[in-house]
Structure formats: C-alpha cells, structure tokens
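Residue strings, one per chain:
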Amino acid sequence: MYTNDQKQHLQFAPGHSVIITLRTGLIRAVLFTLIWWILTDGAMNSWLVGVPVVLFATLVSVQLLPPFSWSLIGIIRFVPFFLWRSLYAGVDVARRAFDPSLPISPQMYHYRWRLPPGLPQVFMANTVSLLPGTLSAELGDEFLYVHVLDKTGAFASELMILEEYVADLFGLKLITDRSEE
Amino acid sequence: MLVTEILSSLLLIAGAIFFLAGTVGLLRFPDVYTRLHALTKADNVGLGLVVAGLVLQAESWTVAGKLLLIWLLVLLASASIAHLVAKAARKKGIELWK
C-alpha cells in the first residue's frame, strides 16, 4: 500500500538508528527539562529530583515512542494554520448553537487516507475534531470516518488541505494516485 | 499596564462566551455526534482565550508556560475523548440525526 520510500521515512535505515535515537533522546530531554523548569518555577533545589526524572522520562519516551521523522518547517507552517482554523471552528459551532433555526445537516463522510498508518493518521484524526464542522468518529484502515456537522460546507477540500499540512509536519509526501497499486 | 488589563478582561469574557456556546450546543444539538462538535470546538477556543487572557496577567514565564501546558493537555484530551465517544456510539449503532 505504501511505497518503500515512505516506509524508509517512517523507520529509518538500521545503520543510522543509533545516531537518530541519540538525537531524538537529546531533543526530548531538552523538552522535558523545559517542562520540569515550568512546573517547579525554576527552583534550584528541585533539580536534585528533576535531573533523574528527566533522564528517566527520556528513556521511557524513546522506548514507548521510537524516533519518527518530522520537519521543523512543517511545524512552523502547521501551528498558525491550526490556531486560525480551530478558532474559526469555535466561532462556527457557536454560531450554529445560538442560531434559533439550528442550521445543521449532519452526515457521515468516508475520507480515503493518503497518510501512512501510525502516528500521522492518529495525529490527523485528533486534529480533525478541532477543525470546523468535522469530528473523527473512527479510524479505519482505508478510511477516516468523519462526522460532518453541515454537509453543504466545503469539508472535503478542508480535510485534504489538513492532510497535506500533517504530511508536511511529519516530512512525508502524500500518495497522489493509488489506482496503479 | 492598563491596556494589558483591558485586553486580558476582553479575552476572558470572550472565552466565557465560547464556554456558554459549548453548553448551549450540548443542550440544543440533537444527537451524541453533534453534541461532541459543540463541546470539543467551542470549549477548545473558550479555554484558549481564557489561557491567553491569563497569560497577559502572568507574573513570570513559568506561570505562562504552565497555562500553555494546561491548554495543550486539554486539547489532546478533548480531541482523543471526543473520538473515543464517537467511536463507541458508532459501535453501538447509534444512528445520525438527519
């Protein structure tokens, strides 16, 4: 179902795996340090506990969620898109809730995946529920089942745009044509 | 100082309006799926605005960071739980309201 290129992207070649695990561990350790600093208000004496906790959390995290590919540019593109569209989603649903005529016409839409399974699909499923008029109802092998609040809206193109942003985030290329496979 | 206080108050009030909208949607929408729409999206924006309003009043970076962490955790939790509730409803064969 997926090209070898994409599998490489998700799993990495074995020779590089040590370096990539170390790099991932380092990045995550920095993030955990930041979180510890935030939680303890930067209290100096807390690091006696904090340093072992950060190291332990890093080990556990690399075990539970092995390194995956991602792209900094993808993240920088995704964040403003997500903030703006989720704000719009809130305004949209609030307007419908307050409108006396209750303007909704729900539908269950089957969205065919272009993203590879695993983290990218889970990430997209979660994001879908926070974007305008869509709610992910089931994560299928071939389809994402999306509950649509208003079937007259442009939800299909919105989902495709979102999928492209998510692919960008994970440094992936989407399969545009699957009919040959 | 005064400007940030006014801006902070406006954000907090706007946030409260979205929470109200989420609750109105929960009461008015006809089935479990449409109600989940109201709760996840309106409350996400509501909490986001409240957090933004409080960050403006935060005394230090760590407090602002803590507020931001709270928002991110709630985002993750509400999106995941909405998905699980909708999936359970589908498994039970609950039909869509038309």
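Let me sum up the structure you'll find in this document. (Residues numbered from 1 in each chain as written. Chains lettered and ligands numbered in written order. Predicted model: local features only at pLDDT ≥ 70, side-chain atom pairs only at ≥ 80, totals over all residues. Heavy atoms only, no water.)

**Remarks on the interface of chain A and chain B**
Okay, step 1: Every contact between the two is made by 41 residues of chain A and, on the other side, 38 residues of chain B.
Okay, step 2: The contact between chain A and chain B buries some 3,200 Å² in all, and 72% of this surface belongs to carbon and sulfur atoms.
Okay, step 3: Here arginine 90 of chain B ties to glutamate 138 of chain A by a salt bridge, and the two come within 2.8 Å at their closest N and O atoms.
Okay, step 4: Inspection of the chain A/chain B interface yields 11 residue pairs in polar contact (both at pLDDT 80 or more).
Okay, step 5: Taken together, the residues of the side of chain A that touches chain B sort by class into 27 nonpolar, 10 polar and 4 charged. (Contact = heavy atoms within 4.5 Å. Buried area = accessible area lost by both parts, 1.4 Å probe. Salt bridge = Lys/Arg side-chain N within 4 Å of Asp/Glu carboxyl O. Polar contact = N/O pair within 3.5 Å; in protein donor to acceptor, adjacent residues only side chain to side chain. Nonpolar A, V, L, I, M, F, W, Y, C, P; charged D, E, K, R; others polar.)

**So, the packing of helix α4 (residues 72-98) of chain A against helix α2 (residues 32-57) of chain B**
The geometry of a pair of packed helices is captured by two quantities: the angle between their axes and the separation between those axes.
Okay, step 1: The N-to-C vectors of α4 of chain A and α2 of chain B enclose an angle of 125°; their axes lie 8 Å apart at closest approach. As summarised for this structure, α4 of chain A and α2 of chain B are arranged oblique, according to the angle between their axes. By crossing handedness, the relation of α4 of chain A to α2 of chain B is classed as left-handed. Contacts from Ser86, Leu87, Ala89, Gly90 and Val93 of chain A of α4 of chain A reach α2 of chain B at His37, Ala38, Lys41, Ala42, Asn44 and Val45 of chain B.
Okay, step 2: Of the residues assigned to the contact of α4 of chain A with α2 of chain B, the class counts are 6 nonpolar, 4 polar and 1 charged. (Axes fitted to C-alpha atoms, helices over the stretch in contact; angles between N-to-C directions. Helix = DSSP H or I, 4+ residues; strand = E, 2+ residues; numbered from the N terminus. Parallel < 35°, antiparallel > 145°, perpendicular 65-115°, else oblique. Left-handed = near helix turned anticlockwise from the far one by under 90°.)

**Digging into the environment of leucine 22 of chain A**
Okay, step 1: Assignment of secondary structure puts leucine 22 of chain A in helix α2 (residues 17-39).
Okay, step 2: Assessed through its relative accessible area of 62%, leucine 22 of chain A is described here as exposed. (Buried < 20%, exposed > 50% of the residue type's maximum accessible area, 1.4 Å probe, protein only.)

**Quick word on unusual backbone geometry**
Residue and element names in this part refer to chain A.
Okay, step 1: For aspartate 41, which is not a glycine, the phi torsion comes out positive at approximately 60°.
Okay, step 2: Relative to the helices and strands, aspartate 41 is located in the loop between α2 and α3 (47-64).
Okay, step 3: Despite not being glycine, leucine 102 has its phi angle at roughly 50°, a positive value.
Okay, step 4: When its relative accessible area of 17% is taken as the criterion, leucine 102 is described as buried.

**Brief notes about the packing of aromatic side chains**
Okay, step 1: A complete count under the given rule lists 9 aromatic pairs over all chains for this structure.
Okay, step 2: Pairing phenylalanine 68 of chain A with phenylalanine 170 of chain A gives two aromatic rings, centres 5.8 Å apart and planes at 55°, and the pair type is tilted. Taken as a pair, phenylalanine 68 of chain A in the loop between α3 and α4 and phenylalanine 170 of chain A in the segment after α6 (155-169) lie far apart in primary sequence, 102 residues in all.
Okay, step 3: On the basis of relative accessible area, phenylalanine 170 of chain A is assigned to the buried category, the value being 5%.
Okay, step 4: Pairing tyrosine 109 of chain A with tyrosine 111 of chain A gives two aromatic rings, centres 6.5 Å apart and planes at 45°, and the pair type is tilted.
Okay, step 5: A relative accessible area of 23% means that tyrosine 109 of chain A is categorised as partly exposed.
Okay, step 6: Residue tyrosine 111 of chain A is classed as buried on the basis of its relative accessible area of 5%.
Okay, step 7: Through a chain of ring-to-ring contacts, three or more aromatic side chains come together here, namely Phe68, Phe78, Phe81, Phe82, Phe123, Tyr165 and Phe170 of chain A.
Okay, step 8: When the ring centre of tyrosine 88 of chain A is taken as reference, the NZ or CZ atom of arginine 85 of chain A above it lies at 4.7 Å.
Okay, step 9: Arginine 90 of chain B extends its terminal NZ or CZ atom over the ring of tyrosine 145 of chain A, reaching a point 4.5 Å from the ring centre. (Phe/Tyr/Trp six-rings, centres within 6.5 Å; stacked < 30°, edge-to-face > 60°. Lys NZ or Arg CZ within 6 Å of the ring centre and 35° of its normal.)

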